[in-house]
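Secondary and tertiary structure notes
The primary structure of each chain is shown beneath.
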Amino acid sequence: MNTFKTLNYESALHIGEFIVEGKKYEIYFLQINDIRTTNILLPEDVTPMNSSIYEVAFDSYENQRNHTHYARENIGYSAIKVFRRVIDLIFEHYEEHQPGFYCFRAEDEKLEVFYQSILSILIRKHPGFIVQRAAGDKDYVIRTPFSL
């Protein structure tokens, strides 16, 4: 099953699309081949030499096309549906690509709460996932069973 569009530049970029209440969203999984190409401060033992690493981000299609990247919207109860779909797509990506690590940055407090909720569900649904704070204040790493 190939759920994600793949673009290859210097690193693979997998893009998943989903629609919630008529609004289109995209989730991005950017493979990190060189830790100098990400703003996330990864722990010293997380390197592309150990296992594949993907930086995760998502946004509305409209924000991406209008260059208002990650502009926060008040989407009310739809946020729960977006939340669930993001979790499902992380699991689908994991099953399809079997990375060792996922990492992400929570740019603001609301997004941090959102990501912490996602992390809580991910580790409950998949006991092999381990979550840790990365070196940056807003940075997180998810270790999958493939990182061991």
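Throughout what follows, the structure given in this document is the object of discussion. (Residues numbered from 1 in each chain as written. Predicted model: local features only at pLDDT ≥ 70, side-chain atom pairs only at ≥ 80, totals over all residues. Heavy atoms only, no water.)

1. Side note on the packing of aromatic side chains
The condition that has to hold: Whether two aromatic rings pair depends on their centres lying within 6.5 Å, for rings of Phe, Tyr and Trp, where Trp uses its six-membered ring; planes under 30 degrees apart make the pair stacked, over 60 edge-to-face, and the rest tilted. Labels follow the DSSP assignment, with helices taken as runs of H or I lasting at least four residues and strands as runs of E lasting at least two, numbered in each case from the N terminus. Burial classes: relative accessible area under 20% of the type maximum marks a residue as buried, over 50% as exposed, and values in between as partly exposed (1.4 Å probe, protein chains only). A ring has a charge above it when a Lys NZ or an Arg CZ is no more than 6 Å from the ring centre and no more than 35 degrees off the ring normal.
Taken as a whole, this structure holds 10 aromatic pairs when the rule is applied. Ring plane angle 40° and centroid distance 6.5 Å describe the contact between Y54 and Y102, whose orientation is recorded as tilted. In this pair, Y54 sits in strand 4 (residues 53–60) while Y102 sits in strand 5 (residues 101–105), placing the two residues 48 residues apart along the sequence. Summarising the burial analysis for this pair, Y54 and Y102 share the class buried. Their ring planes at 35° and their centres at 5.8 Å tell us that F91 and F129 sit as a pair that is tilted. On the criterion of sequence distance, the pair formed by F91 in helix 2 (residues 78–97) and F129 in the loop between helix 3 (109–125) and strand 6 (130–133) is long-range, its members being 38 residues apart. Both residues of the pair, F91 and F129, count as buried. Connected via pairs of aromatic rings, a cluster forms that spans F4, F29, Y54 and Y102. The cationic tip of K24 hangs over the ring face of Y61; the distance from NZ or CZ to the ring centre is 4.1 Å.

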